[in-house]
Amino acid sequence: MKFFIVLALAAACAADRNADSAAQVLRFDSEVNPDGFSYGYETSNGIVESASGIVKNPNSENAALAVNGDYSYPGDDGKLYRVTYVADENGFQPQGEHLPTPPPVPELIARALAYLAAHPQPEDKYQQPSPARFPAPAPARFPAPAPPRFPAQSAFGKPSRKFPSPSPFRF
């Protein structure tokens, strides 16, 4: 029984994929110029897209492409979803009724941001923190270096003093 349920689900998924893969292009327009482009298409499964773009500051190092466009598609729930967008030096900015939006900024936060924007703090690159708030750290106290355990060696690598050998056999 489980096998037949899995088989029926797989057949339903395959049939749905075949409907989209068999979609035909009903309309396709395209125009490409040195300073911009525009295109649009429509398919038999209800997908529609159009976009146009221009090059801002074409003869400078700050040349940028600004694109305005929109697309729509039928969702699995039968609704038609539409997205309009702007893509430029500020990034991709989509808008649509179905897209999530951030919650509104609380009133107190908005008032605080407006106050800070109206009363900017003066910038002082060389301002030091006050000594009362941040006292200077005490100088580090390190112990004096210990004397060497072995005497200095001569230029030829032999010790300058003789040490008793730990071995009972003297070499």
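Residues numbered from 1 in each chain as written. Predicted model: local features only at pLDDT ≥ 70, side-chain atom pairs only at ≥ 80, totals over all residues. Heavy atoms only, no water.

Quick look at the pattern of salt bridges
Logical step 1: In the structure shown here, the tally under the stated rule is three salt bridges.
Logical step 2: One salt bridge in this structure joins Lys56 and Glu89, with 3.5 Å as the shortest N-O distance. Here Lys56 is found in strand 3 (residues 48-56), whereas its partner Glu89 is found in the loop between strand 5 (80-88) and strand 6 (91-95), with 33 residues between them in sequence.
Logical step 3: Arg82 serves as the salt-bridge partner of Asp70, at 3.1 Å between the closest nitrogen and oxygen. With Asp70 in strand 4 (residues 64-74) and Arg82 in strand 5, the pair connects residues that are twelve residues apart, well separated along the chain.
Logical step 4: Note on Asp70: relative accessible area 18%, which makes it buried. (Salt bridge = Lys/Arg side-chain N within 4 Å of Asp/Glu carboxyl O. Helix = DSSP H or I, 4+ residues; strand = E, 2+ residues; numbered from the N terminus. Buried < 20%, exposed > 50% of the residue type's maximum accessible area, 1.4 Å probe, protein only.)

Focus on the pairing of strand 5
Residues in a regular strand point their side chains to alternate faces of the sheet.
Logical step 1: Where strand 4 lies against strand 5, eight bridges are found, and the strand directions are antiparallel. Opposite Val67, over in strand 5, you have Ala87 as the bridge partner.
Logical step 2: Between strand 4 and strand 5, which follow one another and run antiparallel, lie five residues, and Gly78 among them has a positive phi close to 90°.
Logical step 3: When strand 5 meets strand 6, the two strands line up antiparallel, connected through five bridges. Residue pairing for strand 6: Val86 is matched across the bridge by Gln93.
Logical step 4: Joining the antiparallel neighbours strand 5 and strand 6 is a turn of two residues. (Pairing = 2+ DSSP bridges.)

In short, geometric facts, not functional conclusions.
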